[in-house]
Each structure stands twice: as structure tokens, then as C-alpha cells.
Amino acid sequence: MTLVLLFRAGLMQLWAGSGFSFTWWRQFRDVDTQILFRSISDCLILFFYFVLYLFLAGMFSFCMYMMLLTLSPYTPTHRDRVSPPGVMIRPYLHGFTIAFNVSEPSTWKPYVNSMHHFLQAYNNNVQEEKNIECQAGQYFIQDGAESKEKKACQFKRSQLHSCSGIEDPTFGYSTGQPCILLKMNRIIGYRPGYGTPVSVDCAIQKGNASALRSVDFYPGNGTFDLMYYPYYGKLTHVNYTSPLVAMHFTDVKKNDFVPIQCRLNGEGIVSDVNKDRFLGRITFTLSITM
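Residues numbered from 1 in each chain as written. Predicted model: local features only at pLDDT ≥ 70, side-chain atom pairs only at ≥ 80, totals over all residues. Heavy atoms only, no water.

- Looking up the protein in an unreviewed UniProt entry gives the name Sodium/potassium-transporting ATPase subunit beta, with the organism given as Pelusios castaneus.
- In its Sequence similarities (unreviewed entry) section, the UniProt entry covering the protein states "Belongs to the X(+)/potassium ATPases subunit beta family."
- The annotation that UniProt attaches to the protein under Subcellular location (unreviewed entry) is "Membrane". (UniProt positions renumbered as here; feature names shortened; annotations may be inferred.)

In C-alpha cells, the structure reads:
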């Protein structure tokens with residue numbers, strides 16, 4: 001600041017000795033003062049907005065922190081309206097058309113490899129090592145703290161019988177009698193069937209019903225046993241493997257496109273919503289060429 005004053009004093013003496021009018025100097029000084037005050041004003045405004053946005057960011061972060069404290073990482077906070085489950089099939093490679101030529105292994109081997117890969121977690125030795133045997137026909141309800149690790153019931157690959165890939169490593173694809181696996185989507189806390197096991201059936205979606213003459217279901221008569229429910233979430237139900245229903249299409253019309261729809265049946269199951277084709281049902285096409 002001292003240097004600025006000395007500089008101004010020097011300018012005044014220089015201009016006075018050079019014949020400049022003092023009025024011109026006052027005008028220059030006034031303009032300089034206005035610029036100075038405007039700069040200070042702009043700085044104050046910037047500082048105000050900086051503090052304001054910093055305060056808003058802090059309030060937002062605090063509110064988010066307090067909200068997250070009310071949420072559980074293990075189970076949903078609100079479960080008063082649990083939606084019915086959707087379903088999915090395996091193998092699933094290139095959409096919902098399973099097409100192959102029995103006499104050309106290269107056309108059906110990708111499906112077989114996909115099935116073997118998917119069922120690795122269901123190998124008997126893996127299930128016996130990680131999971132326990134449960135009592136069939138009743139829900140496996142586990143009490144205790146939410147954070148406590150939950151036990152999971154064994155679902156062995158051998159329960160799928162002809163569709164296990166053990167007796168027939170090709171899952172029937174080499175003979176034109178393919179196996180397809182169906183599983184329900186996982187929903188934390190959901191108890192399907194309201195005490196009665198949910199079953200599966202399949203039929204022709206459109207066309208001649210005789211195109212699908214025989215389907216075998218495993219395990220049992222194609223039901224999801226209650227002992228695999230409820231599901232407690234991936235944080236605590238770490239070894240949980242979803243139960244499956246295998247559908248063995250032993251007699252399907254060959255050399256044609258056969259549209260098939262498989263549905264879940266049971267109390268509380270919804271499978272007739274046109275806007276959601278995966279809710280309680282799934283449609284796929286079999287095209288088997290001999």
C-alpha cells in the first residue's frame with residue numbers, strides 16, 4: 001500500500017511539473033477508486049456464494065448421512081408390498097429361441113456348455129461342503145440379528161435327475177430331447193405359495209397343442225420346495241443357491257418352431273400381466289431339426 005501511495009505522489013508531482021491539470025488527476029483518481037471498490041464488491045459477492053453453496057452442500061451431505069443411518073444393508077426397510085417373482089431360464093445364449101440340429105453337435109454344444117457352467121455351483125460336493133440338509137415342506141425361517149450369517153439348504157445337482165448332466169452330459173440335446181432349467185428371481189423375505197409349494201407347468205403358447213406332447217419335470221413333480229425360502233439377501237445368505245425346476249422336453253414336434261410358455265402356479269403368484277412377460281411366466285421357442 002505504501003508503494004502505491006508513493007507511486008501516486010510521484011505521478012502528481014510529475015504531472016504538476018508537466019502542466020497537466022489537477023482536475024484531470026481527480027478524474028483519474030475517481031475512476032481508479034470506482035474500479036477498486038467494484039473489485040472489492042465482486043470479491044465479496046463471490047465469497048458470499050462460496051459460503052452459501054458450501055453450506056448447502058454440507059446440509060445435503062448431512063441429510064443423506066442421516067437418511068442412510070435409517071436404512072439396513074441387510075433387508076429392505078419397507079416390505080409391506082412384496083411383488084410376485086419373475087422367472088428366467090437356462091440356457092440363455094441368444095435370446096429366447098433355442099434352435100439346434102441334432103446331427104450337428106456344433107449347433108447344440110454351446111447350450112450344453114452353458115448348462116454345465118451354470119450348474120457348477122450345484123455340484124453335490126459343493127452343496128454338501130457349504131450348505132446343510134433341511135426339512136422339506138416347510139419354510140426355513142432363521143431368527144437372530146440381521147447381520148448374522150444365515151445357513152442355506154442344499155440343492156444338489158443330482159436332484160435334477162435326467163437334466164442334471166450327470167447321467168447324460170448332453171442334457172438330452174444330442175437326442176432332440178432338451179432340458180431347460182427354470183428359476184424364480186430372488187426376493188428378500190418372500191415366502192412363495194403362502195405355505196403351499198409353487199409348481200410349474202408348460203404348454204403351447206399359440207398353435208396346435210399336439211406340438212408339445214410330453215414334458216417331464218424335476219425334482220418331484222416340478223415344484224419349488226418351501227425349505228429354500230425365505231431368502232435373506234446376499235450379505236448374510238452368502239452360500240444360497242436358488243432352487244431350480246428342470247423341464248425335460250421328451251416329445252416335441254421336430255423341424256418346426258414351437259412356441260412354449262411355462263408358468264408358475266400357486267397362491268399369490270401373478271402370471272397374467274400383459275406388460276410384464278417375465279412375471280410368473282416365460283415364453284421361449286424350441287426349434288429342433290433332425
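Next, the rest of the story.
### Considering the pairing of strand β8 (residues 257–265)
No. 1: Sheet topology note: the strand β4 (residues 198–204)/β8 ladder contains six bridges and is antiparallel. If you follow A203 over to β8, its bridge partner there is Q261.
No. 2: Where β8 meets strand β9 (residues 281–289), seven bridges bridge the pair, whose relative direction is antiparallel. Bridging across to β9, C262 finds its partner in I282. (Pairing = 2+ DSSP bridges. Helix = DSSP H or I, 4+ residues; strand = E, 2+ residues; numbered from the N terminus.)

### Quick look at the sheet that holds strand β2 (residues 97–101)
No. 1: Spatial ordering of the open sheet is given by β2-β9-β8-β4-β6, a layout of five strands whose pairing is mixed. Of all the strands in the sheet, the pair left with one neighbour each is β2 and β6 (223–224).
No. 2: In this structure, β2 lies alongside β9, joined through five bridges in parallel fashion. Bridge assignment links I98 to a residue of β9, and that residue is L286.

### Details of the state of the cysteines
Simply put, the disulfide is a covalent bond whose two ends are the sulfur atoms of two cysteines.
No. 1: One pass over the structure, following the stated rule, counts three disulfides.
No. 2: Across the disulfide from C134 sits C153; the S-S distance is 2.0 Å. Taking the sign of the S-S torsion, about -100° here, the bridge from C134 to C153 comes out left-handed. With C134 in the loop between α4 (124–130) and β3 (179–184) and C153 in the loop between α4 and β3, the pair connects residues that are 19 residues apart, well separated along the chain.
No. 3: Using a relative accessible area of 23% as the deciding quantity, one classes C134 as partly exposed.
No. 4: The disulfide that involves C163 links it to C179, with 2.0 Å between the sulfurs. Between C163 and C179, the S-S dihedral sits near -75°, and the bridge is therefore left-handed. Residue C163 is found in the loop between α4 and β3, and its partner C179 is found in strand β3; the two are separated by 16 residues along the sequence. Of the two residues examined, C163 and C179, each falls in the buried class.
No. 5: If the cysteines joined by disulfides in the protein are listed in sequence order, their pairing comes out as 1-2, 3-4, 5-6. (Disulfide = S-S within 2.5 Å. Buried < 20%, exposed > 50% of the residue type's maximum accessible area, 1.4 Å probe, protein only.)

### Here's the deal with the nonpolar core
No. 1: Core analysis: the biggest nonpolar cluster contains 60 residues, and M247, F249, I260, C262 and F284 have the highest contact counts within it.
No. 2: Not counting the four nearest positions on each side in its chain, I260 is found in contact with C202, A203, I204, Q205, L212, F249, I282, T283, F284 and L286. (Core = buried A, V, L, I, M, F, W, Y, C linked by side-chain atoms within 4.5 Å. Contact = heavy atoms within 4.5 Å.)

### Thoughts on the sheet that holds strand β7 (residues 245–252)
Across a sheet, strands are paired by hydrogen bonds formed along the backbone, either parallel or antiparallel in direction.
No. 1: In space, the four strands of this open sheet follow the order β1-β3-β7-β5, with antiparallel pairing throughout. This sheet does not close on itself; its edge strands, each paired only once, are β1 (87–90) and β5 (212–218). When strand polarity is set aside, the average angle formed by the axes of neighbouring strands in this sheet is 30°.
No. 2: Pairing between β1 and β3: four bridges, direction antiparallel. Residue pairing in the sheet places M88 in a bridge with K183 of β3.
No. 3: Helix-sheet contacts for helix α3 (residues 105–118) involve β1 and β3, and the interaxial angle to β3 is about 40°. (Axes fitted to C-alpha atoms, helices over the stretch in contact; angles between N-to-C directions.)

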